Number of protein chains: 4
Amino acid sequence: MTDKIRIGVLGASGYTGADLVRLAARHPAIEIGVLTANSHAGKPMREVFRHFSHIDLPDLVRIDEADWSAVDAVFCGLPHGTTQAITREIFATYPETRIIDMSADFRLRDAAVYKEWYGLDHGAMDIQGEAVYGLTEIYREAIADARLIACPGCYPTAVLLSLVPLARAGLIDTADIVIDAKSGVSGAGRSLKENTLFCEAGEGISPYAVGKHRHMAEIEQEIAVAAGVPDTRINFTPHLIPMSRGELCTSYVRLEGGASAADLRNRLAEAYADEPFVTVLEEGVLPQTQMVRGSNYVAMNVVPDRIPGRAIVISALDNLVKGSAGQAIQNFNVAFGLEETLGIEQLPLFP
Amino acid sequence: MTDKIRIGVLGASGYTGADLVRLAARHPAIEIGVLTANSHAGKPMREVFRHFSHIDLPDLVRIDEADWSAVDAVFCGLPHGTTQAITREIFATYPETRIIDMSADFRLRDAAVYKEWYGLDHGAMDIQGEAVYGLTEIYREAIADARLIACPGCYPTAVLLSLVPLARAGLIDTADIVIDAKSGVSGAGRSLKENTLFCEAGEGISPYAVGKHRHMAEIEQEIAVAAGVPDTRINFTPHLIPMSRGELCTSYVRLEGGASAADLRNRLAEAYADEPFVTVLEEGVLPQTQMVRGSNYVAMNVVPDRIPGRAIVISALDNLVKGSAGQAIQNFNVAFGLEETLGIEQLPLFP
Amino acid sequence: MTDKIRIGVLGASGYTGADLVRLAARHPAIEIGVLTANSHAGKPMREVFRHFSHIDLPDLVRIDEADWSAVDAVFCGLPHGTTQAITREIFATYPETRIIDMSADFRLRDAAVYKEWYGLDHGAMDIQGEAVYGLTEIYREAIADARLIACPGCYPTAVLLSLVPLARAGLIDTADIVIDAKSGVSGAGRSLKENTLFCEAGEGISPYAVGKHRHMAEIEQEIAVAAGVPDTRINFTPHLIPMSRGELCTSYVRLEGGASAADLRNRLAEAYADEPFVTVLEEGVLPQTQMVRGSNYVAMNVVPDRIPGRAIVISALDNLVKGSAGQAIQNFNVAFGLEETLGIEQLPLFP
Amino acid sequence: MTDKIRIGVLGASGYTGADLVRLAARHPAIEIGVLTANSHAGKPMREVFRHFSHIDLPDLVRIDEADWSAVDAVFCGLPHGTTQAITREIFATYPETRIIDMSADFRLRDAAVYKEWYGLDHGAMDIQGEAVYGLTEIYREAIADARLIACPGCYPTAVLLSLVPLARAGLIDTADIVIDAKSGVSGAGRSLKENTLFCEAGEGISPYAVGKHRHMAEIEQEIAVAAGVPDTRINFTPHLIPMSRGELCTSYVRLEGGASAADLRNRLAEAYADEPFVTVLEEGVLPQTQMVRGSNYVAMNVVPDRIPGRAIVISALDNLVKGSAGQAIQNFNVAFGLEETLGIEQLPLFP
């Protein structure tokens, strides 16, 4: 086992951290060395997540007790605002460590934008510069060399994979993008909130954070880069759906330069022809989260709009896998020169 | 009991018919005289719907066995295409009967539009002329005098109640309306289809009938009337949600003449100030289907859009109640001069 | 409106309290005068439960601010351990007030048993004596005269209604009753607990509190009374089901004196022939919670067991209605000499 | 790839067949050669199950078109009654082929019992004799040499793994076993039935096939073998739960010879100490289906009963994996001398 890459997982008691552990524990090139969770420190992982009852894992420790010399890579599943300090600290002592951050702390390149959306001063702008936005299919080459990978949010992954190639190609008007997003409840995390109780979220649908969701900042940042138009503003309207996993984004776009829905679909098909995890569905087949549950796949398609000059772009993924832990592993594989699909090739679980 | 109004329900073995029976059985002015269901004729209702095990109801009969002399009003919960002939037949013999149709057969005023969307020749254009579109809050006065009331589809009810006052007031651009709609599975009815199996519809979200849903025709017809602009074309994109009841429509609109989201909200608040079943929520409170489940209420609100010059209009209802059987009873109450809220005042069931 | 009976609801911010309010707000003989919820005092009810957005209700107040002179009856939806002191206080000043308690505080007649199961000294044994166990169908006459009605727990209601007539008639061996119980998540209340989050309770089934559930004490107490055998011990094994409402109890019993499953069914049918809310289903029809959702009905039946000399008794109800708020209203109706079904006649909501 | 073992899957359009394909497609030693589905013959698999959109698979063919020379092993996911003839046919021409049957056709050793429960004459009693009951942990050695492996039903797998070691050891009275079983809806298959529609199975719990479920025959057969007591009769009462996957069996047993719940737990812990897929949970930890979803693991435990002399044995598994396709692969691995865990090591998917 000495050939394996040793990893640590910060924040292993959240859903994102746990899904990372689920995948990492069966990844042929990974050995899990450290698991942290301040509030559960001292407990075995199986006490915190009963689905780990079947295997042995390191006990949870406090972050300040973790031995970073024991790991080659660190996955961070902490809430935003906490990862910047820890990252600086780890790099200070172990500059060779690769950090794959699943929080929002290093996604935004502009400190002012970070402050506007997260209400906090950025605590590590010196390091921010070397962070690569970990949307694998878009930034693969930079990720290969990066020491710090800032994995995108779940919604941005779904939206950007379907819109960036279109924005780059000038096929859509980036000043008029309406994104109606739907997410399963796991996107809200494991912390106790009334609106994620079974009886509140079940048998119902609720819009939330309309016009205020923090993932807007990332989406705007990357659409702006892709289109070469600064100050992009989008509409992003998320809804909570009574399911645990899965995210579907329905983006309503205005076509540029006479493009048709078919042109958009072709552009995506071309862009992702060789991608292992992006499936542009056959014409007329609509993406569903049922197509991707528990997997690292993204399914997408483009449909004509009844209003002339518009089209509908739809994408679906599992928010905890391609939207978080799976993509983190994908980036890890890229960063360590492994086969990109290693350990994340599971097919979707249906039904 | 001789003072009660005697009703018949055509198509009592579907979800819509059953919900009509549920409400009618406890309606203080209704006596249920006839229940039809061709495929289940001869059975007691409780065998077809076990939640009626607690009460006595007439046994189901075939339509051609039904005694129309025994009823003052007929509620039709049949599939489209079958109601036109029956309606003509009933009117031929019993011209005084009131028919409250929950199917799509009399909703569209233009025979060509009916044919385009339903693929059938309209079979009763002579009667069509007297049909009133049964959106109670908009057509109340005409409903009071109508012999034939064509209750709107569930989606059109949610959409039109929130958009008609805005279109009438010229506050929105009716050429640029994008409606992202989400519905519980009961909207698809009780007939056996693979996509409505628990294992297929559960734990997932699926867009369907994108650009083709028949409710678009009604919405376009009524928006056109409200705005005074013929040939209105809208985007309407429905999604199937893993819940039984409930519908939420998120409409993305472009503002006209410098209007703001607040102006739209005020317009709705004013329009519905005295309406017993339409609730314009307080500023900032987002509609959820949890607010209306099992009830005849509609909840709506308007939210600013991050894209300048746009706003988001959200409305929620229970597709089987205000979206169908409840609104049918509301129209029945209006038509018979009863208190409009009679028998449909139940508060939402939560959780 | 001066003819109406004025009520107060203690603990209106829990699911039980809210369901009481839902029913009371439409009850023709009730006027809601006081709503308390310490943690939400000062708020309008619609802020705490959005499904009340459509109607006007008194704002929530702290218990110690409530004006008991303004009410004729008090419904208590507080957690156990808190109701005894309040009850004594109210009776001290307003001895005529009727108190209908939905907590466990007055259900157990023996202070030692109360202490054993609830870990608390009983704080009002002087009043306990006049408490009537509010299982309406069993104790109707005593309820009519009672000042203090201790409504049963949800599980005991389902179990006892189906077993008490059998135990009384000596048809089952009360020393060998195995009750496998299944409940929707609302039974766990609205307080924040990890196991009732959507993602934890969804798509799964979990036994809980096996051998320790407090409702065992009530069931044993009442089976003992019915059979005339003190010190009855039962098996009661509850499971959490991914649904919001509903409870189904499958009781495995050993037959006494040569009785058959049919004898048991006949006994129940006879016992409940005139009961408005208890439905003994036709032979072979199995109870489901879908038959009773949102209603005050109980469905039950008896099925032969493949093991000779045994039978299976199944009962289903809505834990928040017949299992709590609905039965509380039923008892209120009895206590105030009203029609017993007043305000709780809604048929089940299906689907 | 020529080293891989080539397999065929009969009945690939059902949930069981699909889950077999899901696992086989990623199994390092398997190459999928043939997929049959009579009603969908000619279609690509991705049209029948959209979650296979991401990979290439053989198109579906009719059974009579399948080329059995192309495969080394056949997995059968057909309905009972159809597999006996096909098995005989395949063996007639390709006697070396291994057949791993997931239907019920070869599970019962006694033709009379088969006829009693399935209403059909057994069509291949000559072959029946060599069928090994594919409960891997119990019959591993025989499976290694078998040409025909009859995988157990999902419920029998859950029940027998938890009870066989106890029956063998004489710790429980096999004449008094009450099994209350709960299953997700996928257990009912993908065929169209009203009771498995989302709106019927959702938000509710229904007992079904009480006293008549065909899995009783297998359970009785194997308990009889384990205890050495012919003519065992058990109680088995299944319930349909609103979830897609997962099965939990709560078995109520009478203790023999002064055994305690702890003795039973110890027996199981001992029996399964070296088993890769059976987890006897720590004392006091209750099995939940959430612990095993999407995986080949079984979780079990024993809990004391409040009634003296009784205990409660609980086991949980994923009905499509360990209860069907996963166990079939496990048996395949054993039969072909592969590492037993190959291709089925995925950890449970939670949430």
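Analysis parameters
Residues numbered from 1 in each chain as written. Chains lettered and ligands numbered in written order. Predicted model: local features only at pLDDT ≥ 70, side-chain atom pairs only at ≥ 80, totals over all residues. Heavy atoms only, no water. UniProt positions renumbered as here; feature names shortened; annotations may be inferred. Helix = DSSP H or I, 4+ residues; strand = E, 2+ residues; numbered from the N terminus. Buried < 20%, exposed > 50% of the residue type's maximum accessible area, 1.4 Å probe, protein only. Contact = heavy atoms within 4.5 Å. Pairing = 2+ DSSP bridges. Axes fitted to C-alpha atoms, helices over the stretch in contact; angles between N-to-C directions. 1 Å grid on protein atoms, 1.4 Å probe; cavity = no way out; pocket = protein on both sides within 12 Å on 5 of 7 lines; lining within 4 Å. Points joined across faces, edges and corners; volume = space filled by probe spheres on them. Nonpolar A, V, L, I, M, F, W, Y, C, P; charged D, E, K, R; others polar.

1. What about the UniProt feature "active site" (unreviewed entry) in chain A?
All names here are of chain A.
Turning to step 1, where the next piece is worked out: The positions that UniProt labels "active site" (unreviewed entry) are, in the present scheme, C154.
Turning to step 2, where the next piece is worked out: Topologically, C154 is positioned in helix α7 (residues 154–168).
Turning to step 3, where the next piece is worked out: Given the relative accessible area of 13%, C154 is considered buried.
Turning to step 4, where the next piece is worked out: Those residues in contact with C154 that lie beyond four places of it in its chain are H215, E247, L317, N319 and G323.

2. Digging into the UniProt feature "domain: Semialdehyde dehydrogenase NAD-binding" (unreviewed entry) in chain A
Turning to step 1, where the next piece is worked out: The positions UniProt marks with the feature "domain: Semialdehyde dehydrogenase NAD-binding" (unreviewed entry) are residues 6–146 of chain A.
Turning to step 2, where the next piece is worked out: The distance from the first to the last C-alpha atom of residues 6–146 of chain A is 18 Å, and the span holds 33% helix and 18% strand.

3. Notes on the environment of L317 of chain A
All names here are of chain A.
Turning to step 1, where the next piece is worked out: Within the secondary structure, L317 is located in strand β14 (residues 310–317).
Turning to step 2, where the next piece is worked out: Residues L317 and S295 lie 22 residues apart in sequence; the distance between their C-alpha atoms is 8.0 Å.
Turning to step 3, where the next piece is worked out: When near neighbours in sequence (up to four residues on either side) are disregarded, L317 contacts C154, T157, A158, G246, E247, V292, Y297, V298, K322 and G323.

4. Some details on the sheet that holds strand β2 (residues 30–36) of chain A
Strand pairing within a sheet occurs via backbone hydrogen bonds; the two strands may be parallel or antiparallel.
Residues and elements named next belong to chain A.
Turning to step 1, where the next piece is worked out: Pairing in this open sheet of 7 strands is parallel, and the strands run β3-β2-β1-β4-β5-β7-β6 from one edge to the other. Two strands in the sheet have a free side with no partner beyond their single neighbour: β3 (60–61) and β6 (131–133).
Turning to step 2, where the next piece is worked out: Pairing geometry for strand β5 (residues 98–101) and strand β7 (residues 148–150), over 3 bridges, is parallel. Directly across from I100, in β7, lies its bridge partner I149.
Turning to step 3, where the next piece is worked out: Here helix α3 (residues 83–93) sits on the sheet in contact with β1 (5–10), β4 (73–76), β5 and β7, set at roughly 170° to β5.
Turning to step 4, where the next piece is worked out: Contacting β1, β2, β4, β5 and β7, helix α11 (residues 321–335) crosses the sheet at an angle of about 160° to β4.

5. A word on empty space enclosed by the protein
Turning to step 1, where the next piece is worked out: Tallied over the full model, the rule gives 8 cavities of 30 Å³ or more.
Turning to step 2, where the next piece is worked out: The computed volume of the largest cavity comes to approximately 290 Å³.
Turning to step 3, where the next piece is worked out: Along the wall of the largest cavity there are 24 residues; nearest its centre are P242 of chain A, F198 and P242 of chain B, P242 of chain C together with P242 of chain D.
Turning to step 4, where the next piece is worked out: A volume near 150 Å³ is recorded for the second largest cavity.
Turning to step 5, where the next piece is worked out: Lining the second largest cavity we find 14 residues, and of these Q346, L347 and L349 of chain A together with R22 and Q346 of chain D sit closest to its centre.
Turning to step 6, where the next piece is worked out: Here the residues of the lining of the second largest cavity sort into 6 nonpolar, 4 polar and 4 charged.

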